[in-house]
Amino acid sequence: MLRDQPLEKKYRIVIADDHPIVRRGVRMVIESGVGMEVCAEAANGLEAVEHVKQHAPDLVVMDLIMPEMDGMEATRQVREISPSTEVLVFSTHFADGIARDLLRSGARGYVLKTDPPSELAAAIDRIRHKGTFFTACLAESMTGSYINQSEDAEGGALPGTTLTPREVQVVQLLAQGKCNKEVAVTLDVSTRTVESHRTHIMRKMKFGNYAELVRFAVRNNLVDP
């Protein structure tokens, strides 16, 4: 007699937004996916933090402007309370400086409410698989910053580190959310070469995970999220 196979653990998400109609729309996007569920909804940042304490979800889809506590402070507290809980900002507001501060606070993605629903679904999926995701206008800003940094850098090395010019390029592209294959195509090298660079960078810079690499890139203005 065959034993029942254990059910795969669902990816649990908290939705934090002060507008019920927005929460309903986000819920529909989440529930249309496979293996995901909404475990709680919050109408403000304070409620979001409380739900994280109670449920320890995998992800919080976080509005930026909310009563009681805004998304910026809520993101900081969520990451302190539950480091395994990721944050995806979902907002009508966008500015390079705000996005940079949010990433420094621990957010892994930034999607605008004016983006199509497919962008929100793609962002959730990307973060679910340990990646990052940024709205198209933010990606363009990051690309422009990467080009300007490359043109202005003397030799391409990063002052104060032991990273080589090529390793700096790899860090920039990885921090933009590109996978190893996409970095390889951009740099016109093999995927194995990128994997080797990535492993060496993580060990050389003593990064414990991908999020630390991204935060390092933001702090050193290698990307402009």
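Refer to the structure printed above.
Residues numbered from 1 in each chain as written. Predicted model: local features only at pLDDT ≥ 70, side-chain atom pairs only at ≥ 80, totals over all residues. Heavy atoms only, no water.

Hey, could you go over the overall build of the chain for me, with residue numbers and the actual values?
Helices and strands together make up the secondary structure of the chain, namely 10 helices and 6 strands. When burial is assessed residue by residue, the chain has 45% of its 225 residues classed as buried. Look at the contacts in the chain between residues 6 or more apart in sequence, and 62% of them connect residues 24 or more apart. Surface accessibility of the chain: about 11700 Å² in total, with carbon and sulfur atoms responsible for 51%. (Helix = DSSP H or I, 4+ residues; strand = E, 2+ residues; numbered from the N terminus. Buried < 20%, exposed > 50% of the residue type's maximum accessible area, 1.4 Å probe, protein only. Contact = heavy atoms within 4.5 Å. Areas by Shrake-Rupley, 256 points an atom, 1.4 Å probe, with all protein chains shown as cover.)

Please provide a residue-by-residue account of the packing of helix α1 (residues 20–31) against helix α5 (residues 117–128), values included.
The angle between the axes and the distance between the axes are what describe a pair of packed helices. The interhelical angle for the contact between α1 and α5, taken along N-to-C directions, is 60°, at an axis separation of 10 Å. Our classification of the angle between α1 and α5 gives oblique. Here the hand of the crossing between α1 and α5 comes out right-handed. In this structure, α1 contributes Val-26, Val-29 and Ile-30 to the contact, and α5 contributes Pro-117, Leu-120, Ala-121 and Ile-124. For the contact of α1 with α5, the per-class residue count stands at 7 nonpolar, no polar and no charged. (Axes fitted to C-alpha atoms, helices over the stretch in contact; angles between N-to-C directions. Parallel < 35°, antiparallel > 145°, perpendicular 65-115°, else oblique. Left-handed = near helix turned anticlockwise from the far one by under 90°. Nonpolar A, V, L, I, M, F, W, Y, C, P; charged D, E, K, R; others polar.)

Help me get a handle on the environment of Leu-59, residues and values and all.
Its location among the elements puts Leu-59 in strand β3 (residues 59–62). Here Leu-59 falls in the buried class, since its relative accessible area comes to 0%. For Leu-59 and Val-87, which are 28 residues apart along the polypeptide, the C-alpha to C-alpha distance reads 5.6 Å. If we skip the residues at most four places from it in the chain, Leu-59 touches Tyr-11, Arg-12, Ile-13, Val-14, Thr-85, Glu-86, Val-87, Leu-88, Ile-124 and Ile-127.

Pulling in residues and values, what's your account of unusual backbone geometry?
Excluding glycine, most residues fall at negative phi; most peptide bonds, likewise, are trans. Phi angles above zero are rare outside glycine, and Lys-130 is one such case at about 70°. Mapped onto the elements, Lys-130 comes out in the loop between α5 and β6 (133–134). Take Lys-130: its relative accessible area is 63%, and that puts it in the exposed class. Of note in the backbone geometry, Asp-188 takes a positive phi value of approximately 60° without being a glycine. Mapping Asp-188 onto the fold places it in the loop between α8 (180–187) and α9 (191–205).

Give a description of the packing of helix α7 (residues 165–175) against α8 that names residues and reports values.
Two elements in contact, α7 and α8, have axes separated by 10 Å at closest approach and are oriented at 130°. Taken together, the axis directions place α7 and α8 in an arrangement best described as oblique. Pair α7 / α8 crosses with right-handed handedness. In contact with Arg-166, Gln-169, Val-170, Leu-173 and Leu-174 of α7, α8 contributes Asn-180, Val-183, Thr-186 and Leu-187. Looking at the contact of α7 with α8 residue by residue, the classes come out as 5 nonpolar, 3 polar and 1 charged.

An account of α9 is needed here, citing residue identities and associated values.
Between its terminal C-alpha atoms α9 stretches 21 Å, which fits the 21 Å expected from 15 residues at 1.5 Å a residue. When we look at burial in α9, the residues that qualify are Val-194, Ile-201 and Met-202. The buried residues of α9 occupy one face: seen down the axis, they fall within an arc of 95°. Facing away from the buried side of α9 by more than 90 degrees, the exposed set consists of Arg-192 and Arg-203. Of the residues flanking the end of α9, it is Lys-206, one or two places downstream, whose phi is positive at about 60°. (Expected span 1.5 Å × (residues − 1). Arc of directions from axis to C-beta.)

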